[in-house]
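# Residue-level structural notes
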2 protein chains.
Amino acid sequence: MNPSTIPIVLIEDNEPYARALEKFFNLPGSAIDCRAIYGSSEQALVEIPKNPPAVALVDINLPGQNGMECIAQLKELYPQLVCLVLTMYEEDHLIFDALRAGACGYLLKRTPPAEIADAIQVARDGGSPMSPHIARQVVGFFHRSPPPKPDHSLTAREQQVLDLLIDGKAYKEIAHDLGVSIDTVRTHVRKVYDKLHIHSRTEIILKFGKKGR
Amino acid sequence: MNPSTIPIVLIEDNEPYARALEKFFNLPGSAIDCRAIYGSSEQALVEIPKNPPAVALVDINLPGQNGMECIAQLKELYPQLVCLVLTMYEEDHLIFDALRAGACGYLLKRTPPAEIADAIQVARDGGSPMSPHIARQVVGFFHRSPPPKPDHSLTAREQQVLDLLIDGKAYKEIAHDLGVSIDTVRTHVRKVYDKLHIHSRTEIILKFGKKGR
DNA sequence: GCGGGCATCGCATGAACATGCGATGCAGGA
DNA sequence: TCCTGCATCGCATGTTCATGCGATGCCCGC
């Protein structure tokens, strides 16, 4: 949308690779303005405050403090800074950790420079660019959770009570919320426990806890 | 990678929209072969087994059974079938539910047909196409989880107790596991509650529950 | 109209939990 | 040495849960 050039920095210790990217970004007519290359997380954290860019491309495997921690600290200082991971690694846990740390996107180094440039614009415009297989892994995270089970044949009322139990409400609150007596709540809870073969609220939350959050 | 045409179906009750897409996909030279349009989930579930496509584009808001359930059932019958959501809705919970149901990607109807065609190929090749803002919402799901916090200044012992509490163990079990008395466990739990400003095991699990799973 | 399923309410008991107060022994820093 | 933080143990009280047993009123299909 915004046609002005986008100021970015690279946090990357592989100098040849970084230089090549920088060169590409700074070609005449490019929408990207690569302002600096920082070879370490520490250097980036010192230099970035002097002239914050709009987007940072961050490698994960950095000397000293790794890219994940770097992103977490940058996001703490500049929540509006858009961080994209740019790495060779595509293991699940690295991807998830990076996203949790605050990364908005995750690109593999094998991505052609032109696509990286596109991704930077997408990210600046509020998107989350990801290499296709990375996206699939992220989506796979959701596939693993099997909560959409309308089975268990709970009655509507029982399901309501269950939901409130999961929210951590006391019987007293549940009774108030549903406008019934506390003993009625007890009865429903009992039925729920019977049907789900569990014996305590703790087990419920461990089984169903915090789903749609 | 595979240059052969990709057989797909549309599950979509907005007939004009579906017809227009079908027309576009079936233009000469297209990589997509749109074989059918099903106006309802029920119809799709009956017809698809007769001639399963590689990819299904599914609307969420369908008459009768909604698209989420449709995807869940299709994936159960044909785990290798690639389902892409194609909808106007972009609420968080719909996105997450769709992905949980088994969708591999999530596109908004405002996406240009050519990009939808690209997305179909990406999906067939193992990627997960998502409209940029959808991707950001998915990524936002990870941002919301704040697990990488080693803060809270819990002592090692308190952390141990906390972990066992989260596992759902009774004080008695915790005492046994740690080789201390139940009253000691009580003391530690109290300290943990104080430091984390909570008042019950339920709150703990709601806050920290099932993280690394 | 009778049997079932469901929602509602009640009582009772024992277990588990939350929390207030107090105490000892040990280590390491001021 | 004294102070502080930590881990340990103890007791007491009140609350919340889990669960067993029983009961009524409503609606629906056979």
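Right, let's walk through the structure included here. Note that the structure is a prediction, hence the values are computed from the model and not measured.

## Observations regarding the environment of B:L99
Position of B:L99 among the secondary structure elements: in helix α4 (residues 92-101). Given a relative accessible area of 0%, B:L99 falls into the buried group. Separated by 31 residues in the primary sequence, B:L99 and B:M68 place their C-alpha atoms 8.8 Å from one another. In this structure B:L99 touches A:V139, A:F142, A:H143 and B:V138, once residues within four positions along its chain are discounted.

## Focus on the nonpolar core
Core analysis: the largest hydrophobic core is formed by 69 residues, its most contacted members being A:I11, A:Y106, A:M130, B:I11, B:Y106 and B:M130. Setting aside residues no more than four positions away along its own chain, B:I11 makes contact with B:Y38, B:S40, B:S41, B:A44, B:I48, B:L57, B:V58, B:D59, B:L62, B:C70 and B:L74.

## Comments concerning the packing of helix α7 (residues 156-166) of chain A against helix α9 (residues 182-196) of chain A
Residue and element names in this part refer to chain A. The interhelical angle for the contact between α7 and α9, taken along N-to-C directions, is 90°, at an axis separation of 9 Å. Here α7 lies roughly perpendicular to α9, going by the angle between them. Residues R157, E158, V161, L162 and L165 of α7 touch α9, and the partners they reach there are H188, V189, K191, V192, Y193, K195 and L196. Classifying every residue of the contact of α7 with α9 gives 7 nonpolar, 1 polar and 4 charged.

## Let's talk about the interface of chain A and chain B
One widely used convention gives an interface's size as the accessible area the parts lose upon coming together. Each partner contributes to the interface: chain A provides 39 residues, whereas chain B provides 37 residues. Together chain A and chain B conceal approximately 3,200 Å² of surface at their shared face, both sides included; 65% is due to carbon and sulfur atoms. Run the count over chain A and chain B and you get 0 salt bridges. Run the count over chain A and chain B and you get 8 residue pairs in polar contact (both at pLDDT 80 or more). Only α4 (92-101), α5 (113-124), α6 (132-144) and α10 (201-208) of chain A provide two or more residues apiece to the side of chain A that touches chain B. Take the side of chain A that touches chain B: its biggest share by element is 9 residues, from α6(A).

## Observations regarding the state of the cysteines
All names here are of chain A. Enumeration according to the criterion identifies 0 disulfides over all chains in this entry. Cysteine C104 is unpaired, with the sulfur of C83 as its nearest cysteine sulfur at 7.0 Å. The exposure class of C104 is buried, given its relative accessible area of 3%.

## A short note on the sheet that holds strand β1 (residues 6-11) of chain B
All names here are of chain B. The sheet built from 5 strands is open, its strands ordered β2-β1-β3-β4-β5 with parallel pairing. Taken across any chain shown, the strands that pair with only one partner, and hence form the sheet edges, are β2 (32-38) and β5 (105-108). Adjacent strand axes in the sheet meet at a mean angle of 25°, parallel and antiparallel pairs treated alike. The sheet contact formed by β1 and strand β3 (residues 55-58) spans 4 bridges and is parallel.

## Considering the protein's contact with DNA strand C
Neighbouring residues of DNA strand C: 19 residues in total, closest A:T155, A:R157, A:S181, B:Y171 and B:R190. In this structure, a phosphate oxygen belonging to DNA strand C sits 2.4 Å away from a side-chain N or O atom of B:Y171. Interatomic distance of 2.4 Å between a side-chain N/O atom of B:R190 and a base nitrogen of DNA strand C. Of all elements in the fold, only α9 of chain A together with α8 (171-178) and α9 (182-196) of chain B reach the threshold of two or more residues within the surface near DNA strand C. For the surface near DNA strand C, the leading source of residues is α9(A), giving 6 residues. Each residue belonging to the surface near DNA strand C can be placed in one class, and the counts come to 4 nonpolar, 7 polar and 8 charged.

## Some points on unusual backbone geometry
Residue and element names in this part refer to chain A. Positive phi is not limited to glycine here, since H197 has a value of about 60°. Take H197: it is sitting in the loop between α9 and α10. Judged by relative accessible area, which is 67%, H197 ranks as exposed.

## Looking at helix α5 (residues 113-124) of chain B
Residues and elements named next belong to chain B. Its 12 residues give α5 an end-to-end C-alpha distance of 17 Å, which sits within 8% of 16 Å, the value for a rise of 1.5 Å per residue. The complete set of buried residues in α5 reads I116, A117, A119, I120 and A123. Burial along α5 is one-sided: seen end-on, the buried residues are contained in an arc of 160°. G126 sits one or two residues past α5 and shows a positive phi near 95°.

## Let's talk about the protein's contact with DNA strand D
Around DNA strand D there are 18 residues in total, and A:Y171, A:R190, B:T155, B:R157 and B:S181 lie nearest to it. Sugar and phosphate atoms form 62% of the subset of DNA strand D atoms that lie within 4 Å of the protein. Contact between DNA strand D and A:R190: a base nitrogen at 2.5 Å from a side-chain N or O atom of the residue. Within the contact set of DNA strand D, a base nitrogen lies 2.9 Å away from a side-chain nitrogen or oxygen of B:T187. Looking at the surface near DNA strand D, the elements that each hand over two or more residues are α8 (171-178) and α9 of chain A together with α9 of chain B.

## Focus on the sheet that holds strand β4 (residues 82-87) of chain A
All names here are of chain A. Across the sheet, which stays open at both edges, the 5 strands sit in the order β2-β1-β3-β4-β5 with parallel pairing between neighbours. Across the chains shown, the open sheet's two edge strands, defined by having one partner strand only, are β2 (32-38) and β5 (105-108). Each strand axis lies, on average, 25° off the axis of its neighbour in the sheet, ignoring direction. This element, helix α1 (residues 15-25), spans β1 (6-11), β2, β3 (55-58) and β4 of the sheet and lies at about 160° to β2.

## Regarding the environment of A:H143
Checked against the element boundaries, A:H143 lands in helix α6. Accessibility expressed as a relative area gives 30% for A:H143, which makes it partly exposed.

About the cut-offs
- Residues numbered from 1 in each chain as written.
- Chains lettered and ligands numbered in written order.
- Predicted model: local features only at pLDDT ≥ 70, side-chain atom pairs only at ≥ 80, totals over all residues.
- Heavy atoms only, no water.
- Helix = DSSP H or I, 4+ residues; strand = E, 2+ residues; numbered from the N terminus.
- Buried < 20%, exposed > 50% of the residue type's maximum accessible area, 1.4 Å probe, protein only.
- Contact = heavy atoms within 4.5 Å.
- Core = buried A, V, L, I, M, F, W, Y, C linked by side-chain atoms within 4.5 Å.
- Axes fitted to C-alpha atoms, helices over the stretch in contact; angles between N-to-C directions.
- Parallel < 35°, antiparallel > 145°, perpendicular 65-115°, else oblique.
- Nonpolar A, V, L, I, M, F, W, Y, C, P; charged D, E, K, R; others polar.
- Buried area = accessible area lost by both parts, 1.4 Å probe.
- Salt bridge = Lys/Arg side-chain N within 4 Å of Asp/Glu carboxyl O.
- Polar contact = N/O pair within 3.5 Å; in protein donor to acceptor, adjacent residues only side chain to side chain.
- Disulfide = S-S within 2.5 Å.
- Pairing = 2+ DSSP bridges.
- Near = heavy atom within 4 Å.
- Expected span 1.5 Å × (residues − 1).
- Arc of directions from axis to C-beta.

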